[in-house]
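Residue-level structural notes
Here's the letter readout for the chains.
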Amino acid sequence: MNKENDKYQNILTHLHELNRQNLLNENDKNEYLTNELEKINNKIDNSSSNNSKNTNKLIILVILLLIINTAIVLFLGLKPSTTQNNEVKINTEEILKEEVKSIEDVHQEVVEKDLDPNVNTFNSESIDILEVEEDFKEIIPIIRKGTPYTCNEDVNTYKIPYTVDIKGKLYSDRFSFILQEKSGRRECSIKKEDM
């Protein structure tokens with residue numbers, strides 16, 4: 001029994017030694033990882049301080065460039081150049097006066113040549129153009145499928161492909177709306193009797 005007890009004690013001793021070795025190995029690994037993390041953290045701190053220094057230098061450089069640019073603009077803007085402006089104004093006024101005189105001369109010649117005693121002439125300034133504005137209501141009616149409609153600058157008559165609400169203007173004789181297509185926008189209308 002003594003032998004078995006010794007074996008058992010020997011096995012326990014070996015087990016304790018293995019556990020101690022494992023614990024020491026784990027502590028070494030933890031210490032190594034901690035050291036590596038500290039190194040990486042130091043590198044990050046150093047790079048961020050270098051970046052902040054570079055950023056500060058860049059900001060100072062941008063501010064200096066803005067100040068220099070503003071000074072140049074002010075210098076050029078306040079620089080006296082009145083002699084050139086006066087010469088240019090005088091030259092353009094003379095050219096405009098000459099052009100107006102030549103146009104008036106040509107117009108007078110054309111009027112004198114075209115003047116026929118049998119033709120009544122009107123002064124274009126004395127004619128008032130009467131613009132007639134039609135009354136309309138903005139509505140959004142439901143237009144049925146198959147309702148015929150026409151568009152400006154197009155002689156064809158089309159039909160509404162499906163029942164739809166269309167926003168537009170209702171006049172006394174027609175309903176006018178804007179049709180959006182790939183090629184652009186067209187003004188179209190439906191006769192009131194077709195609605």
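Residues numbered from 1 in each chain as written. Predicted model: local features only at pLDDT ≥ 70, side-chain atom pairs only at ≥ 80, totals over all residues. Heavy atoms only, no water.

This part covers the overall build of the protein chain. Secondary structure assignment for the protein chain yields 2 helices and 8 strands. With 195 residues in all, the protein chain has 8% of them scored as buried. If you take every contact in the protein chain between residues at least 6 apart in sequence, the share linking residues at least 24 apart comes to 44%. (Helix = DSSP H or I, 4+ residues; strand = E, 2+ residues; numbered from the N terminus. Buried < 20%, exposed > 50% of the residue type's maximum accessible area, 1.4 Å probe, protein only. Contact = heavy atoms within 4.5 Å.)

What follows covers the state of the cysteines. Counting across every chain of the model gives 1 disulfide. Sulfur-sulfur distance for the disulfide between C151 and C188 comes to 2.0 Å. Judged by the torsion about the S-S bond (85 degrees), the C151/C188 disulfide is right-handed. With a gap of 37 residues between them, C151 in strand β3 (residues 148-151) and C188 in strand β8 (residues 184-191) connect regions that are remote in the sequence. Given a relative accessible area of 1%, C188 falls into the buried group. (Disulfide = S-S within 2.5 Å.)

Quick look at the sheet that holds β8 now. Spatial strand order, β1-β6-β7-β8-β3-β4: 6 strands in an open sheet with antiparallel pairing. Each edge of the open sheet carries a strand with a single partner, namely β1 (137-139) and β4 (157-159). Strand after strand, the sheet turns through a mean of 35 degrees between neighbouring axes, direction not considered. In the sheet, β3 pairs with β4 via 3 bridges, with the strands oriented antiparallel. Opposite T150, over in β4, you have T157 as the bridge partner. (Pairing = 2+ DSSP bridges. Axes fitted to C-alpha atoms, helices over the stretch in contact; angles between N-to-C directions.)

Another aspect to go through is unusual backbone geometry. For E153, which is not glycine, the phi torsion reads 60 degrees and is therefore positive. On the accessibility criterion, E153 (86% relative accessible area) is exposed.

With that settled, the discussion passes to the pairing of β8. Here β3 pairs with β8 via 2 bridges, running antiparallel. Paired with C151 across the two strands is C188, which belongs to β8. With 8 bridges connecting them, strand β7 (residues 174-181) and β8 associate as antiparallel partners. Its bridge partner being in β8, E181 is matched across the sheet by G184. Connecting β7 to the next strand, β8, in antiparallel fashion are 2 residues.

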